[in-house]
Amino acid sequence: MCLQKASQMRSATLHRFLQKSEPGINFIYKLSIFYGEVFLIHEFDALVIGAGGAGLFAALEAGKNAKTAVFSKVHAIRSHTGAAQGGIGAALGNVEEDKPEWHAFDTVKGGDYLVDQAAAMILAEEAVQAVYDLENRGLPFNRTPEGLIDQRRFGGHTRNFGESAVRRACYAADRTGHMILQTLYQQCTKHDVTFYDEFQVVDVLMDGTTCGGIVAVELATGDIHVFTAKATLFATGGFGRMFKITSNAYANTGDGPAVLARRGVPLEDMEFFQFHPTGIQGMGILISEAVRGEGGILRNKTGERFMERYAPTLLDLAPRDMVSRAVISEIKQGNGIRGDKKIDDYVHLDATGIGRETLNNKLPEISSFCRTYLGIDPVDDKIPVQPTAHYAMGGIPTDVNGRVRRDGHGNFYNGLYAAGECACVSVHGANRLGTNSLVDLVVFGRRAGIHLADFIKHADRNNGKSDAAEEAKNKIAGLFKNKKQPSPRGVDLTDKMQRIMMEDIGVYRNGPDMERAVDALRELRKAYANVRVGDTNKAFNTDLLEILELENLLDLALITAESAKNRKESRGAHSREDYPDRNDAQWLKHTLACLENDSVHLSYMDVDTSLWEPKARKY
Amino acid sequence: MRIILKIKRYNPESGRKPYEQVYETSANPTDRLLNVLMDIKQKTDLSLSFRKSCAHGVCGSDAMRINGKERLACKTLVQDVAETDGAIITIEPLRHFPVLRDLIVQQSSFFDKYRSVKPFLINEEPPQEKERIQSSEQRSMFDDPTSCILCQACFSACPVFDENVRFIGPAIIAQAFRFNEDSRDRGFDARRKALDTPDGIWACENHFECTRNCPRGIKVTKWINQTKKRISEHKENN
């Protein structure tokens, strides 16, 4: 189906269907005359893909001026922002002196100087008002004795450019993300935002460098829908599910970045994937850094507080990449709790010194996780932890207004935006600081929403010369067809991918391992061509959904591995045994990776270092 | 250990009535039941359908009835519901909602009721300071229901729905309570309209099943009764 031709018959049809349309939907009609195909076509001003913190904040802003629809593969309130625990960083200075400039500097240093510094300054400055906005909209932050928003310590956040840890993380017990998601969803309820829950995006309508909307599958029916709009914003979150041990939800499969990558959009700094040092052993469930912020200590099998040897000033509150490396180093030296030097060994997070009252009041969720999944009480028992794949620093390249970059030379797509974890501004550089993910969502989700709403005022509708809907229909139909027997099982490919990524593109990396990983991932992508959907029904075909998600993960895994293989230095979360040092002379630059069928084309883009000169990173 | 899962299934496209399917499998006592379901789905029966996402009890996707009680599959370990080798675990979709497929139920009626109580902070006064001042004591008054994840388990557990599907429901009243008791909120009157009706708070009969079965341990019945009390007092005083 060609949407341009479709648009020629639109005006007459529009008039007819406007009479019947439901509130919140401009119109819907079925198109079957020319092509014998039926797609449900909807028209909006703006589309927001993903209903976590970034998507909801953007929708609230865009919705003020533009007819906006929000899409989510799960019900909006199930989004993974809700799993964020410890806090949102902002230099309010409520409990001790603090300044946005210090926050920005910590962000830059924490990101091993791969952060775009002016963007980090925006992040830190606008975080302050964003936190007040959330509070004013009802977010129940914990309070100081004076009734102000309380703040606590978090990894890598310091006073006066690294002097000592500072209390910067505003928090609502250890369910800060849950409360942000709830508050923003409440506001969307108040402002009557239109949601399409349980819609899976499968493609974008690209006409050259202009995005005219999306193609999505309605999970409840299996129907393919086309949504056209003047602007589309991706806020689909992370893709930790490409790793075996992850804190991420099943839904975190990088659908936005993958769909765009297949349409030629470059992805930035994909080699930088954060491993959080304290996931529950074997399960990956996150144990918040706030446990260490409240006084928790990492210990090896002899009970030693080993961080004293790795980060003498910040100790257990050093940035996550450093703490994860320290944990793996201890394990490799036989200092893990089992002491067998195997990659799945673990260390202890000792929260017994925190005390029952603080654990109950400020860390109730993690206490509950320990009881439910480990059968232990952190008041009395040490928590077995190991690094867990947690956060993608890289993603869809954007400027500070969420506009998606076409290249490293200041060119942008029209009508295409991204925000949140799926985007790369870049404010996290090579390693994100704790709490800055939530800051990123609210600051850049809001900015993208504002810019998008302004863009729409002057933009023409471009329905594009896209065959995406027809292609999506054919692709999905193809997934059901008989293929070479025996057809590989999706679960086996997923398992192999997750193991490769965990073992070869993990906390420590080296050239030969990554070489092997890239080859193996290519083979898996070939095998994927023969995967067949085993569930032949249309309603809630979760098998189809998982097969579509697997394609996205495989594409992003390959891009990640190729980007990592080519970066011959160690920086932040990208730590190479064969190139152990940071190399600013050659590698102080962002990676831009373009997927071209089976290969990945890499180019590089300058880093904004206008505020602070890169220095060695010590804590 | 060996376990037997009896799963209630329904496929609208088959023309067949809901039926029970038995799966025998092995699992570790400490496995999450969600993982057991995933394993069956991916290796035995790709058509088995259920919702899932965070897998650690914070997103609310996988509420279902396990051995006749409402639970989150990801927050239930095999050993919590199967004591001996060969134990039978029954799994059914939530009650009181139309079943769309297998363990997937319709969510729209729940969220329609949610919207009816204006579940957002209502306060048109500008903040005195940058943030609205609130003491820890004031905050603690409504802390408990803020952890609600809208998983709908309480709707399935509540016997009132057996007779009255129009009941506004436990989680919804708890949401209204959360805002009514927030010292920053001015929306009590706006919410009262939806609550003070025969199908609102007064339909609750204090069965305590919502509290007993809440995966988040929220004292739902207590907040319903406090809401009843506050509305009664309000009516007496006006």
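Our subject is the structure that appears above.
None of the values given here were measured: they were computed from a predicted structure.

Engineer: Teacher, can you tell me more about the sheet that holds strand β6 (residues 151–159) of chain A here?
Structural biologist: In a beta sheet, neighbouring strands pair by backbone hydrogen bonds and run either parallel or antiparallel. Residues and elements named next belong to chain A. Here three strands make up an open sheet; going across it, the order is β5-β7-β6 and the pairing antiparallel. The strands lining the two open edges of the sheet, one partner per strand, are β5 (88–89) and β6. Pairing of β6 with strand β7 (residues 164–170) involves five bridges; the strand directions are antiparallel. Among the inter-strand pairings, Gln151 is bridged to a residue of β7, identified as Cys170.

Engineer: Would you mind going over the interface of chain B and chain A with me for this structure?
Structural biologist: A common way to state how big an interface is: give the accessible area lost once the parts meet. Listed per partner, the contact involves 65 residues of chain B and 57 residues of chain A. Summed over both partners, the interface of chain B with chain A buries about 5,000 Å², with 50% contributed by carbon and sulfur atoms. The largest contributions to the chain B side of the interface with chain A come from His56, Glu131 and Arg139 of chain B, which together make up 13% of the buried area. Inspection of the region where chain B meets chain A yields six salt bridges. Connecting chain B to chain A are 36 residue pairs in polar contact (both at pLDDT 80 or more). Breaking the side of chain B that touches chain A down by element, the ones donating at least two residues are α1 (33–43), β6 (99–101), α3 (108–116), α4 (136–140) and α7 (170–180) of chain B.

Engineer: How should the pattern of salt bridges be read in this particular structure?
Structural biologist: Where side chains of opposite charge bring their charged atoms close, a pairing between them can arise. All names here are of chain A. If you walk through the whole model with that rule in mind, you get 79 salt bridges over all chains. Notably, a salt bridge pairs Arg567 with Glu271, separated by 2.7 Å at the nearest N-O pair. Of the two residues, Arg567 is situated in the loop between α17 (542–566) and β23 (575–576) and Glu271 in the loop between β13 (267–268) and β14 (273–280); the sequence distance between them amounts to 296 residues. For Glu271, a relative accessible area of 0% gives the class buried. A salt bridge links Lys457 to Asp454; the nearest nitrogen and oxygen atoms lie 3.6 Å apart. A residue pair is termed a helical-turn pair when its members lie 3 or 4 positions apart in one helix, as Lys457 and Asp454 do in helix α13 (residues 436–458) at three residues.

Engineer: Just to check I follow, could you spell out the sheet that holds strand β25 (residues 599–606) of chain A for this structure?
Structural biologist: Residues and elements named next belong to chain A. The antiparallel open sheet is built from three strands, whose spatial order is β13-β24-β25. Each edge of the open sheet carries a strand with a single partner, namely β13 and β25. Both strand β24 (residues 589–596) and β25 contribute to a ladder of eight bridges, which runs antiparallel. Looking at β25, one finds that Cys594 is bridged to His601.

Engineer: Which parts of the structure should I look at to understand the packing of helix α5 (residues 117–136) of chain A against α13 of chain A?
Structural biologist: When two helices pack together, their arrangement is given by the angle between the helix axes and the distance between those axes. Residues and elements named next belong to chain A. Relative to each other, α5 and α13 sit at 90°, their axes nearing to 8 Å. Classified by the angle between their axes, α5 and α13 sit roughly perpendicular to one another. Of α13, the residues touching α5 (which contributes Ala119, Ile122, Leu123, Glu126, Ala127, Ala130 and Leu134) are Asn436, Val439, Asp440, Val442, Val443, Phe444, Arg446 and Arg447. In terms of residue class, the contact of α5 with α13 is made up of ten nonpolar, one polar and four charged.

Engineer: Sorry, what's going on with the packing of aromatic side chains here?
Structural biologist: The relation between two aromatic rings is expressed through the spacing of the ring centres and the mutual angle of the planes. Using the criterion set out here, one finds 26 aromatic pairs over all chains in the structure. When the centroid spacing of 5.1 Å and the interplanar angle of 10° are considered together, the rings of Phe71 of chain A and Tyr196 of chain A count as stacked. Here the residue Phe71 of chain A occupies a position in strand β4 (residues 68–72), and Tyr196 of chain A occupies one in strand β8 (residues 194–197), the gap between them amounting to 125 residues. Relative to Tyr373 of chain A, the ring of Phe369 of chain A has its centre 6.5 Å away and its plane inclined at 45°; by these criteria the two rings are tilted. Pair noted here: Phe369 of chain A and Tyr373 of chain A are both in helix α12 (residues 364–374), with a separation of four residues, about one helical turn. An identical accessibility class is assigned to Phe369 of chain A and Tyr373 of chain A; each is buried. What links up through ring pairs into an aromatic cluster is the set Tyr185 and Phe195 of chain A together with Phe97, Phe110, Phe111, Tyr114, Phe155, Phe161 and Phe167 of chain B.

Analysis parameters
- Residues numbered from 1 in each chain as written.
- Chains lettered and ligands numbered in written order.
- Predicted model: local features only at pLDDT ≥ 70, side-chain atom pairs only at ≥ 80, totals over all residues.
- Heavy atoms only, no water.
- Pairing = 2+ DSSP bridges.
- Helix = DSSP H or I, 4+ residues; strand = E, 2+ residues; numbered from the N terminus.
- Contact = heavy atoms within 4.5 Å.
- Buried area = accessible area lost by both parts, 1.4 Å probe.
- Salt bridge = Lys/Arg side-chain N within 4 Å of Asp/Glu carboxyl O.
- Polar contact = N/O pair within 3.5 Å; in protein donor to acceptor, adjacent residues only side chain to side chain.
- Buried < 20%, exposed > 50% of the residue type's maximum accessible area, 1.4 Å probe, protein only.
- Axes fitted to C-alpha atoms, helices over the stretch in contact; angles between N-to-C directions.
- Parallel < 35°, antiparallel > 145°, perpendicular 65-115°, else oblique.
- Nonpolar A, V, L, I, M, F, W, Y, C, P; charged D, E, K, R; others polar.
- Phe/Tyr/Trp six-rings, centres within 6.5 Å; stacked < 30°, edge-to-face > 60°.

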